[in-house]
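Take a look at the letters that make up each chain.
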Amino acid sequence: MGVNLQAPYNASIHSCILDADPHSQKKLKILKKTSPVAWRHIHFTGRFTFYTNKNPINLSHLIEYIEL
């Protein structure tokens, strides 16, 4: 199930980063080297609790914290 959710989530983050600054050559160069199906930044160890929160994830707010 993780792959089914992770790839579209990562692809959405990539799109938001590019939409926020489409002319940034630095960001474009970095994003070309990354893959939406990459797992390196995901940690599936530990205990997880998922809630049925109906609020959507605000990707625009999330990418403010990503440093490229």
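The coordinates are above.
1. Examining the overall build of the protein
1) Next: Regarding its fold elements, the protein presents three helices and zero strands.
2) Next: Along its sequence from the N terminus, the protein presents helices and strands in the succession α-α-α.
3) Next: In the protein, buried positions account for 16% of the 68 residues.
4) Next: When contacts within the protein are restricted to residue pairs at least 6 apart in sequence, long-range pairs at least 24 apart make up 78% of them.
5) Next: Summed over all atoms, the accessible surface of the protein reaches about 6,100 Å², with 58% contributed by carbon and sulfur.

2. Brief notes about the side chain of S24
1) Next: Secondary-structure assignment places S24 in the loop between α1 (2-20) and α2 (25-32).
2) Next: By relative accessible area, S24 is classed as buried at 15%.
3) Next: There is a polar contact of 3.2 Å between the side chain of S24 and the backbone nitrogen of K27.

3. Some words on the nonpolar core
One broad rule of soluble globular proteins: the nonpolar side chains tend to lie buried together.
1) Next: Formed by I13, C16, I17, L31, L59 and I63, the largest nonpolar core amounts to six residues.
2) Next: Top contributing element to this core by residue count: α1, with three residues.

What counts as what
- Residues numbered from 1 in each chain as written.
- Predicted model: local features only at pLDDT ≥ 70, side-chain atom pairs only at ≥ 80, totals over all residues.
- Heavy atoms only, no water.
- Helix = DSSP H or I, 4+ residues; strand = E, 2+ residues; numbered from the N terminus.
- Buried < 20%, exposed > 50% of the residue type's maximum accessible area, 1.4 Å probe, protein only.
- Contact = heavy atoms within 4.5 Å.
- Areas by Shrake-Rupley, 256 points an atom, 1.4 Å probe, with all protein chains shown as cover.
- Polar contact = N/O pair within 3.5 Å; in protein donor to acceptor, adjacent residues only side chain to side chain.
- Core = buried A, V, L, I, M, F, W, Y, C linked by side-chain atoms within 4.5 Å.

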